[in-house]
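# Fold and geometry: a report
So the chains spell out like this:
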Amino acid sequence: MREGSELTLSPGQVPFRAWRRILREGPRLTLAPGSREQVEACRRTVVDLIATGRPLYGVNTGFGRLASVRIPDAQLGDLQTNLILSHAAGTGELLPDGVVRLILAMKATALAQGYSGVRWTVVEALMALVNAGVFPCVPSKGSVGASGDLAPLAHIGVALLGLGEVRHGGRIMPAADGLAIAGLSPLTLEAKEGVALINGTQVSTALALSGLFLAEDIFRTALVTGAMAVEAALGNDTPFDPRIHAVRRHAAQIDVAAAYRALLARSPLREANRDRLKVQDPYCLRCQPQVMGACLTNLRHAAEVLATEANSVSDNPLVFMDESEILSGGNFHAEPVAFAADIIALTLCEIGSISERRQAMLVDASLSGLPAFLTTEPGLNSGFMLAQVTAAALTAENKMLAHPASVDSIPTSANQEDHVSMATHGAYRLGQMSENAMTIVALEWLTAAQGLDFYAPAKPAAPIAEAHRRLRAEVPHYDRDRFMAPDIATATRLVGQGAVDGVLPPELASIDPAL
């Protein structure tokens, strides 16, 4: 991998953070030297095995329940084309360009590892689409997460055939026109290539990674807004003492407590009000290291699973050159991705849940010691009453969405594919959950900042004062009731842009797996 506007990807060894760059920044991609030789050697093995006349699943046989049907050599290309056309049966909203870019990059690096038996021209075509910014129109629904992400990946295959539609520069156009922009002609598929394109977990993995990166941003922002709520409530900092967390022994809890200590250190506001600090604060304040530490453990585990999956070869069948064998297995089953997506969903739900409880505490004068609903004239003004209701509504919605997708399975393909992962929609719902959680945390930022205003001119700890300043640069103090929705939208936008996350040093509470 090279820093800057270009990334060189070593198939099977792409660093975790490179996937985030591909998703969000869209650097130009190249494959490491030696990739072509591996792919071409694997292709020769496929050609040699076809010449033996032996039945080879997915190469000269039908698929799924039709695996026993033998296909004549003269029709092997038609077999692959028909597979693509018949399996492009997706529906729903189109996946965003960044996610499709990530899918294309993961599929290219998987094929380039030399176990899939495609020609080099197929890998080149995928890379050309990425670098030209030509993204096949991929519907979001239609995959059950085994046998791979068949329907959505087939829509990418259809585009390579010059059929269907693509998006370039935000404009949808016929796929043939998009291929021309990328300097490509429609592909004519040969033996093994269609099944290699549509079999794999790249769609569910890309969606899960997108959700993970959003969850990471929200998690780190919630650490800052949670610390701000401690300041606004004149919370006690004893619960963050490292000795407490050392004996619990959970590494992520220890790391999160350290992050809170860094955010709350040397607070003039709390030092000036030591006599007002409670012996015990509500759980939403004092149990933050335990709850957010568990969330960090979850995110780190999901990152490790998805970092592995993103570098995996998950199509079927697989070609092993050294033994001249084609083996049919089940690497397409996305159960690891399904579990990871469910873990991320639970984490997003909990981040929002404890944030909403802090907001409820701050607007309750009997708990926070602040004016009721954070307004100087309660009754005439309702203040933050409905802001907390909105947070509660979004929290409730995320609780519903957090139901594990992986516990469901519906048999498909005439019961040949009788247990499936449901990873794809499990990962897709992370987008909606992230939007909800981001708004909940933005509402806490607004609420805690309003609470801090009542202590002016006393200042909170420096990082919290900086988070307060960044909000107040665009959202003024709520001195009387005004149209609140624009303020919520602004705060949510700022959270999405990383305005709060930047207050916390990046080395604190990182999710990066040790690769």
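Described below are features of the structure shown in this document. (Residues numbered from 1 in each chain as written. Predicted model: local features only at pLDDT ≥ 70, side-chain atom pairs only at ≥ 80, totals over all residues. Heavy atoms only, no water.)

Backbone torsion omega between alanine 146 and serine 147 reads 5°, so that peptide bond is classified as cis. Note that serine 147 resides in the loop between β5 (139–141) and α6 (150–160). Note the cis peptide between alanine 456 and proline 457, where omega equals 10°. Position of proline 457 relative to the elements: it lies in the loop between α18 (423–453) and α19 (462–472). A positive phi angle, near 50°, is found at serine 324, a position not held by glycine. Along the chain, serine 324 falls in the loop between β8 (318–320) and β9 (325–327). Take serine 324: its relative accessible area is 38%, and that puts it in the partly exposed class. (Helix = DSSP H or I, 4+ residues; strand = E, 2+ residues; numbered from the N terminus. Buried < 20%, exposed > 50% of the residue type's maximum accessible area, 1.4 Å probe, protein only.)

Turning our eyes to something else, we now look at the pattern of salt bridges. Going through the model one piece at a time under the given rule, you end up with 27 salt bridges. In this structure, the salt-bridge partner of arginine 469 is glutamate 466, at a minimum N-O distance of 2.6 Å. One end of the pair is arginine 469 and the other is glutamate 466, both in helix α19 and three residues apart, which spans about a single turn. A relative accessible area of 46% places arginine 469 in the partly exposed class. (Salt bridge = Lys/Arg side-chain N within 4 Å of Asp/Glu carboxyl O.)

Turning our attention to helix α11 (residues 251–264). The terminal C-alpha atoms of α11, which comprises 14 residues, lie 20 Å apart, in line with the 20 Å expected from a rise of 1.5 Å per residue. Residues of α11 that are buried include every one of Ala252, Gln253, Val256, Ala257, Ala259, Tyr260, Leu263 and Leu264, and no others. Mapping the buried residues of α11 onto a view down its axis gives an arc of 155°, with all of them on the same face. Phi turns positive, to about 55°, at arginine 266, one or two residues after α11. (Expected span 1.5 Å × (residues − 1). Arc of directions from axis to C-beta.)

Time to look at the pairing of strand β2 (residues 28–31). Where burial is concerned, the two faces of β2 differ: the one with Leu29 and Leu31 is buried and the one with Arg28 and Thr30 is not. Relative to β2, strand β1 (residues 6–9) is paired through four bridges, and the arrangement is parallel. Looking at the pairing, leucine 9 lines up with leucine 31 of β2. With helix α1 (residues 16–24) bridging β1 and the parallel β2, this β-α-β connection has right-handed handedness. (Pairing = 2+ DSSP bridges. Right-handed = clockwise from strand over helix to strand, strands pointing away.)

The next subject is the packing of aromatic side chains. Enumeration according to the criterion identifies five aromatic pairs in this entry. Measuring from centroid to centroid gives 6.2 Å for tyrosine 57 and phenylalanine 63, while their planes differ by 80°, and the two rings are edge-to-face. Judged by its relative accessible area of 17%, phenylalanine 63 is buried. The interplanar angle of 70° and the centroid separation of 5.3 Å between the aromatic rings of phenylalanine 384 and tyrosine 478 together place this pair among those described as edge-to-face. Within this pair, whereas phenylalanine 384 is found in the loop between α16 (365–368) and α17 (385–401), its partner tyrosine 478 is found in the loop between α19 and α20 (485–496), the two being separated by 94 residues in sequence. This pair shows no difference in class: phenylalanine 384 is buried, exactly as tyrosine 478 is. (Phe/Tyr/Trp six-rings, centres within 6.5 Å; stacked < 30°, edge-to-face > 60°.)

In this section: the environment of glycine 426. Checked against the element boundaries, glycine 426 lands in helix α18. In sequence terms glycine 426 and valine 59 are 367 residues apart; their C-alpha atoms lie 31 Å from each other. The residues touching glycine 426, leaving out its near neighbours within four places in the chain, are Ala341 and Ala405. (Contact = heavy atoms within 4.5 Å.)

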